[in-house]
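So you can see what is in the structure, the chains are spelled out below.
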Amino acid sequence: MRIQKISLRGFTTFKEPASLDLDALGPGLIAFQGPNGAGKTTLLESIPGGIYRTSPSRGNVADLAIARDAQIELIGENGAPFTARLDVDNHNGKSEAVLLDGNGDPLAGPKVRDFDRAIAEKFPPANVYLAAAFACQTGAGSLLKMNRAERRELFSKLLGLDHLE
């Protein structure tokens, strides 16, 4: 999975719309720095939040919404171009999510169960994503914190052997 652009508004410290074009950053090591509460973790965790609707260190993304029109939008590629958009209304707690192809045509949504089903078909499970490409401050998804059965299951999925069990 390759994320090209992150846009969010109405989550934690991001009251106003914010956008980060990852392609524009160029190659090399990138560091996000700033004081506590500036939104570094929110920005990084918006990637799994926009796909899996959960934040590795804070739980359900809908609980992080601070606005009636909170939104996370991710543009990227996962074998094919996609846009994933999650809309949350923090007043009534309702969410809608859409998955669009590279032309902007809907693949799933706006019901979150349809979105979740499409994500499960097109993306690795959240635990594989967390263990393979992401480590958060709380250690969620850490290979070292998994028990033996969880590690075996993870490696089975990473190697494509899970269908044999």
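Residues numbered from 1 in each chain as written. Predicted model: local features only at pLDDT ≥ 70, side-chain atom pairs only at ≥ 80, totals over all residues. Heavy atoms only, no water.

(A) Inspection of the side chain of Glu73 at higher detail. Along the chain, Glu73 falls in strand 5 (residues 70-77). Here the side chain of Glu73 touches Arg85 through a polar contact of 2.7 Å, side chain to side chain. Not counting residues within four places of it along the chain, the set of residues in contact with Glu73 comprises Lys5, Ile6, Ser7, Thr83, Ala84 and Arg85. (Helix = DSSP H or I, 4+ residues; strand = E, 2+ residues; numbered from the N terminus. Polar contact = N/O pair within 3.5 Å; in protein donor to acceptor, adjacent residues only side chain to side chain. Contact = heavy atoms within 4.5 Å.)

(B) Broad picture of the packing of aromatic side chains. Summed over all chains, the structure comprises one aromatic pair. Considering the side-chain rings of Phe82 and Phe123, the 5.1 Å spacing of their centres and the 85 degrees angle between planes classify their relative orientation as edge-to-face. Residue Phe82 is found in strand 6 (residues 81-89), and its partner Phe123 is found in the loop between helix 2 (112-122) and helix 3 (126-133); the two are separated by 41 residues along the sequence. Across the pair, exposure class does not vary: Phe82 and Phe123 are buried alike. (Phe/Tyr/Trp six-rings, centres within 6.5 Å; stacked < 30°, edge-to-face > 60°. Buried < 20%, exposed > 50% of the residue type's maximum accessible area, 1.4 Å probe, protein only.)

(C) Focus on the sheet that holds strand 7 (residues 94-101). The six strands lie next to each other as 2-1-5-6-7-8, forming an open sheet whose pairing is antiparallel. Here the strands that pair on one side only, and so sit at the sheet edges, are strand 2 (18-21) and strand 8 (106-108). Shown here is a sheet whose adjacent strand axes are inclined to one another by a mean of 20 degrees, direction ignored. Note that strand 1 (residues 2-9) and strand 5 share seven bridges and pair antiparallel. Residue pairing across strands places Ile6 opposite Leu74, the latter belonging to strand 5. Against the sheet, helix 2 contacts strand 6, strand 7 and strand 8, and its axis sits at roughly 40 degrees relative to strand 7. (Pairing = 2+ DSSP bridges. Axes fitted to C-alpha atoms, helices over the stretch in contact; angles between N-to-C directions.)

(D) Fine view of the nonpolar core. Membership of the largest hydrophobic core comes to 30 residues, with the highest contact counts inside it found for Phe11 and Leu99. Sorting the residues of this core by element identifies strand 1, helix 1 (40-52), strand 5, strand 6, strand 7, helix 2 and helix 3 as the ones contributing at least two each. (Core = buried A, V, L, I, M, F, W, Y, C linked by side-chain atoms within 4.5 Å.)

Nothing here speaks to function; it is all geometry.
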